[in-house]
Amino acid sequence: MPPVPSSPLRTRSTIMAALLAMGLAGPAWGQTGPVILAQHPDTELDRQARDLMESDLSDAAGSHERPVLLTGSGQLSASPRRMGLFVQVQSASLCGSAGCVTSVYLRDGGKWTRVLDSVSGPITITPQVHGGMHDLLVDSTDRWVWNGTTYADTQATTQPASAEQP
């Protein structure tokens, strides 16, 4: 019997099954909490995360490092199709004094779309919702809200003070 070709629906089902099997199928709508990042080798979620982070993993390998890939997930809205994939690559060349950075992806049709990039610190899915998506709290003080296409930082940026004195 020939293999059955993969379809976007089958891929979504495979991803959700993998998340459930790993205990990662995030909190249901209304349930919030910290996103737990861990290694999940030889899983579909790990394979997809490695594809998404291929450049970072290659950079670390080019520096003769053995990077560690951590993944986690969380339900970001009422729709099961809005599951967030949280990915962090740990290596000496990629992590700085603020720690390692985490990026967040959402499944968009047949591909993952990055909706939050390179934040440092633990991430919590909060009960507050903007645009139908839960807010994310990074490092317990930095709130990110959904703007319709991506997560945006709510902390006001300040302009550096002028060096000139009156």
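To be clear, the structure that these remarks concern was listed above.
Note that this is a predicted model, so its numbers are computed, not measured.

Asks: I keep staring at the pattern of salt bridges and nothing clicks. Help me out?
Replies: Two side chains bearing opposite charge may form a pair once their charged atoms approach each other closely. Under the defined criterion, the tally for this structure stands at five salt bridges. The partner of Arg 47 in a salt bridge is Glu 44, with the nearest N and O atoms 2.5 Å apart. Linking Arg 47 with Glu 44, this pair stays in helix H2 (residues 44–52), spanning three residues, or about one helical turn. Under the relative-accessibility criterion, Arg 47 is labelled partly exposed at 41%.

Asks: Is there a simple way to explain the sheet that holds strand S3 (residues 83–90) in this structure?
Replies: Strand order across the open sheet formed by four strands is S2-S3-S4-S5, with antiparallel pairing between neighbours. In this open sheet, the two strands that pair with only one neighbour each are strand S2 (68–75) and strand S5 (111–120). Strand-to-strand twist of the sheet, defined as the mean angle between neighbouring strand axes without regard to direction, takes the value 25°. Relative to S2, H2 is tilted by about 110°, and along the sheet it contacts S2, S3, strand S4 (101–108) and S5.

Asks: Sorry, what's going on with H2 here?
Replies: Each α-helix winds once per 3.6 residues, and so residues spaced three or four apart point in a common direction. Here H2 has its buried residues at Leu 45, Asp 46, Gln 48 and Ala 49. The buried residues of H2 all sit within an arc of 165° when viewed along its axis, so they share a single face.

Asks: Got a minute to help me understand the state of the cysteines in this structure?
Replies: One covalent bond between the sulfur atoms of two cysteine residues makes up a disulfide. With the rule as written, the count across this model stands at one disulfide. With a sulfur-sulfur separation of 1.8 Å, Cys 95 is cross-linked through a disulfide to Cys 100. Between Cys 95 and Cys 100 the sulfur-sulfur dihedral comes to about 105°; the bridge is accordingly right-handed.

Asks: Would you mind showing me how to read the pairing of strand S8 (residues 142–146) here?
Replies: The side chains of a regular strand alternate between the sheet's two faces. The element S8 is extensively covered by neighbouring structure, given that four of its five residues are classed as buried. In terms of strand pairing, strand S7 (residues 133–138) meets S8 through three bridges, oriented antiparallel. Counted as the bridge partner of Leu 137 is Arg 143 from S8. Taking the residues between adjacent antiparallel strands as the criterion, S7 and S8 are bridged by three residues, where Asp 139 takes a positive phi near 55°. Between the end of S8 and the start of strand S9 (residues 151–153), which pair antiparallel, lie four residues, with Gly 148 showing a positive phi angle near 110°.

About the cut-offs
- Residues numbered from 1 in each chain as written.
- Predicted model: local features only at pLDDT ≥ 70, side-chain atom pairs only at ≥ 80, totals over all residues.
- Heavy atoms only, no water.
- Salt bridge = Lys/Arg side-chain N within 4 Å of Asp/Glu carboxyl O.
- Helix = DSSP H or I, 4+ residues; strand = E, 2+ residues; numbered from the N terminus.
- Buried < 20%, exposed > 50% of the residue type's maximum accessible area, 1.4 Å probe, protein only.
- Pairing = 2+ DSSP bridges.
- Axes fitted to C-alpha atoms, helices over the stretch in contact; angles between N-to-C directions.
- Contact = heavy atoms within 4.5 Å.
- Arc of directions from axis to C-beta.
- Disulfide = S-S within 2.5 Å.

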